[in-house]
Number of protein chains: 2
Amino acid sequence: MKFWKQLDRKTIYQSDWIEITIDKVELPDGTIIDNFELMHYPHSSVGVVAVNEKEEILLVRAYRYLHESFDWEIPGGVCENEEHHVDAARRELLEETGYTCDVISPMVKFYPHKATCDQKYYTFHAEGITRKTDDFQEMEISEVAWKSPDEILKMIETGEINESLSLVALQHYFLHRKH
Amino acid sequence: MKFWKQLDRKTIYQSDWIEITIDKVELPDGTIIDNFELMHYPHSSVGVVAVNEKEEILLVRAYRYLHESFDWEIPGGVCENEEHHVDAARRELLEETGYTCDVISPMVKFYPHKATCDQKYYTFHAEGITRKTDDFQEMEISEVAWKSPDEILKMIETGEINESLSLVALQHYFLHRKH
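Residues numbered from 1 in each chain as written. Chains lettered and ligands numbered in written order. Predicted model: local features only at pLDDT ≥ 70, side-chain atom pairs only at ≥ 80, totals over all residues.

Draft legend 1. Focus on the overall build of chain A. Looking only at helices and strands, chain A has 3 helices and 10 strands in total. If you list the helices and strands of chain A from N to C, you get β-β-β-β-β-β-β-α-β-β-β-α-α. For the C-alpha atoms alone, the extent of chain A along its principal axes is close to 60 × 35 × 30 Å. In chain A, buried positions account for 37% of the 179 residues. (Helix = DSSP H or I, 4+ residues; strand = E, 2+ residues; numbered from the N terminus. Buried ≥ 20, exposed ≤ 12 C-beta atoms within 10 Å, placed from the backbone.)

Structure (structure tokens):
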């Protein structure tokens with residue numbers, strides 16, 4: 001199979017966070033797609049599965065403006081300019097929960113929405129967790145809590161945990177823990 | 001914690017596939033976000049973990065224009081207008097692989113990119129798989145193959161499978177199969 005051919009590209013919006021382009025594309029059989037909407041992200045995102053000595057996992061309840069909801073998620077967020085993924089993961093863990101970690105190791109990395117977005121999510125496993133401060137980002141997070149693996153598996157079943165960064169990272173951690 | 005307040009919304013682009021808005025938002029502490037970019041999707045997407053009697057799983061190698069890559073994924077795609085998710089799942093399975101299924105059941109549903117996009121992904125588990133035709137969508141798919149669970153777990157580790165629809169669906173299937 002041949003690659004699709006880019007005939008034209010228009011940038012319709014650009015900010016520090018996203019560039020949106022509309023491509024005109026020719027398929028191998030000559031079909032033309034006039035408006036192929038593509039989202040380009042200059043920043044990656046990170047998420048952390050932070051595990052304590054009781055094998056509980058640290059979750060945050062994050063406010064999601066678009067959905068007007070408060071959702072249980074793993075701590076995480078967007079990498080700042082020039083910031084390494086692992087540093088972003090440590091920073092987000094501290095900012096969103098008040099906890100630091102001794103050891104942090106990379107797990108799976110993936111594209112949330114590969115067909116039309118190039119943003120990449122990096123997941124980490126953190127151990128040796130210590131409370132450093134009682135403060136956390138109160139504009140975005142309403143609650144911080146330790147949950148057992150069984151509680152989390154149930155929250156996935158009921159849809160209480162329902163976004164890709166948390167799901168991929170938590171499922172990956174559970175599959176590895178059991179192997 | 002109070003909800004964030006929408007002060008303004010501008011639609012900067014709209015097509016059959018996506019509406020892109022820029023919101024002006026006030027946070028509870030009075031901070032103003034001038035440009036909060038949000039992607040609204042009128043269509044959901046679906047993905048199918050199709051399993052045969054040898055416990056092998058059907059994967060497709062899909063062309064991804066944005067990345068100029070051919071990636072191993074579960075069969076899946078976007079729901080058409082008014083189409084029920086389960087019908088979309090059966091249709092995509094047939095179109096992308098040439099196979100039909102006897103039994104199809106819903107698994108996890110989730111948001112790939114919850115902070116800024118409202119698109120939802122629905123995953124299904126399919127059994128009683130029969131080859132109906134040798135044809136598949138050759139403009140999008142270069143290869144169709146059965147893979148064993150061990151091969152798939154390895155492809156997740158190496159990053160050969162690297163997008164959220166496949167990762168969430170496959171990992172969910174593996175976690176359930178083992179319980």
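Structure's up, so let's keep going.
Draft legend 2. Highlighting the relation of the copies chain A and chain B. Of the transformation placing chain A onto chain B, the axial shift is 0.0 Å and the rotation is 180°, giving an RMSD of 0.0 Å. Both copies of the chain, as the preceding transformation shows, are related through a two-fold rotation axis. The share of interface residues of chain A whose copies in chain B are also at the interface is 100%, consistent with both copies meeting through the same surface. (Least-squares fit on C-alpha atoms with pLDDT ≥ 70 in both. Contact = placed C-beta atoms within 7 Å.)

Draft legend 3. Expanded view of the nonpolar core. By size, the foremost hydrophobic cluster in this structure holds 76 residues, and its most contacted members are V48, V49 and A50 of chain A together with V49 and A50 of chain B. Leaving out residues up to four positions away in the same chain, V49 of chain A has contacts with I57, I74, T123, H125, A126, A169, L170 and Y173 of chain A. Grouped together as the second largest cluster of nonpolar side chains are 6 residues, I20, M39 and C117 of chain A together with C117 of chain B included. (Core = buried A, V, L, I, M, F, W, Y, C linked by C-beta atoms within 7 Å.)

Draft legend 4. Looking closely at the interface of chain A and chain B. With 47 residues of chain A at the contact, the number on the chain B side is 47 residues. For the side of chain A that touches chain B, the secondary-structure elements that each account for two or more residues are β1 (5–14), β2 (19–26), β3 (32–40), β5 (57–64), β8 (99–110) and α3 (164–178) of chain A. If you tally residues by element for the side of chain A that touches chain B, the top one is α3 of chain A, at 8 residues. Each residue belonging to the side of chain A that touches chain B can be placed in one class, and the counts come to 26 nonpolar, 11 polar and 10 charged. (Nonpolar A, V, L, I, M, F, W, Y, C, P; charged D, E, K, R; others polar.)

Draft legend 5. Just the pairing of strand β3 (residues 32–40) of chain B, in detail. All names here are of chain B. When strand β2 (residues 19–26) meets β3, the two strands line up antiparallel, connected through 7 bridges. By the bridge assignment for β3, T21 is matched with L38. Hairpin geometry of β2 and β3 is characterised by an intervening segment of 5 residues between the two adjacent antiparallel strands and by a positive phi of about 95° at G30. (Pairing = 2+ DSSP bridges.)

Draft legend 6. Up close: the domain arrangement of chain A. The assigned domain composition of chain A is domain 1 (5–40) and domain 2 (45–178). Centre-to-centre, using C-alpha coordinates, domain 1 of chain A lies 32 Å away from domain 2 of chain A. (Domains from an automatic or database assignment.)

Draft legend 7. Inspection of the sheet that holds β2 of chain A at higher detail. All names here are of chain A. Strand order in the open sheet formed by 3 strands is β1-β2-β3, with antiparallel pairing between adjacent strands. The sheet terminates laterally at β1 and β3, the two strands that pair on one side only. Each strand axis lies, on average, 25° off the axis of its neighbour in the sheet, ignoring direction. Two elements, β1 and β2, share 8 bridges in a ladder whose sense is antiparallel. If you follow Q14 over to β2, its bridge partner there is E19. (Axes fitted to C-alpha atoms, helices over the stretch in contact; angles between N-to-C directions.)

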